[in-house]
Amino acid sequence: MRPWMLTAPQVTLIESALTAFQAAWDARDPALLPPGTPRWLFLRWLQGQGVLFHGSPQPGLTEFEPRTPHDRSADEFSKRNGVFATSDALWALMYALRDRRRVRGMLNAALQVEEAGGWSDVRYFLSLAPQPDATVTRGEDLLTPGVVYVLPPDGFDLMPPYDWPGLGRVREPHLICPHPVRPLLAVPVTPGDFPLPVRLHDAATVNARCAADPWGFPWLD
């Protein structure tokens, strides 16, 4: 594994938390969660319900329309027109929490690497490039409240595994639907809900390195 690849914190949920999560999901109301509950724990629990996630800084969305993203990755799947979603809640949190007003660019990843015994745990990475007028000292300064939308899985296609030069066979929890999608639930989240460190990078430097070496993610060193 590469040094930039991080794993999610290991947390064992107590019975009362599981009961509260189930009640909030049944009622489709995250306000029923106990005060102080980290939203990432609830969202990770929701992964077991077979749903998908879409992170956005914009609240109040009632339908997602297909679109073509601006994407610098080397694969073609990420450049298709559609509604994008993930089966991994932490990945969705990255998109929900970035402050678009102060963020010039984002590098992120959630992937598994094929090993002798099967697929690894999901490995994560997040780095943000500030706008020139943004004064920040750490990556977390570029996070802002957002929303993780919970989506039904119907009509979504999963990105197939692919070969990453120098890393091997990988797969991403990345899905796309060619049709509009209405969310099942909207979960408000705050920067304190993100459990992983956030790096900083210079957008112009990374863009130049990406152009020279498309498979050199994350182009930071």
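These lines cover the structure that appears in this document, whether it is placed above or below. (Residues numbered from 1 in each chain as written. Predicted model: local features only at pLDDT ≥ 70, side-chain atom pairs only at ≥ 80, totals over all residues. Heavy atoms only, no water.)

## A short note on the side chain of Asp-99
Examined against the element boundaries, Asp-99 turns out to sit in the loop between helix H3 (89-97) and strand E3 (103-115). Judged by its relative accessible area of 5%, Asp-99 is buried. Ignoring any residue separated from it by four or fewer positions in sequence, one finds Asp-99 in contact with Leu-142 and Thr-144. (Helix = DSSP H or I, 4+ residues; strand = E, 2+ residues; numbered from the N terminus. Buried < 20%, exposed > 50% of the residue type's maximum accessible area, 1.4 Å probe, protein only. Contact = heavy atoms within 4.5 Å.)

## Digging into the side chain of Arg-123
Positionally, Arg-123 belongs in strand E5 (residues 123-130). For Arg-123, which is buried and forms no salt bridge, the nearest opposite charge comes from Glu-115, at a distance of 4.8 Å. (Lys, Arg positive; Asp, Glu negative; His and termini not counted. Salt bridge = Lys/Arg side-chain N within 4 Å of Asp/Glu carboxyl O.)

## Description of the packing of helix H1 (residues 15-26) against helix H2 (residues 39-46)
Across the interface, H1 lies against H2 with an axial gap of 10 Å and an inter-helix angle of 75°. In terms of their interaxial angle, H1 and H2 are classed as roughly perpendicular. Across the interface between the two elements, Leu-18, Phe-21, Gln-22, Ala-24 and Trp-25 of H1 pack against Leu-41, Phe-42, Trp-45 and Leu-46 of H2. Taken together, the residues of the contact of H1 with H2 break down into eight nonpolar, one polar and no charged. (Axes fitted to C-alpha atoms, helices over the stretch in contact; angles between N-to-C directions. Parallel < 35°, antiparallel > 145°, perpendicular 65-115°, else oblique. Nonpolar A, V, L, I, M, F, W, Y, C, P; charged D, E, K, R; others polar.)

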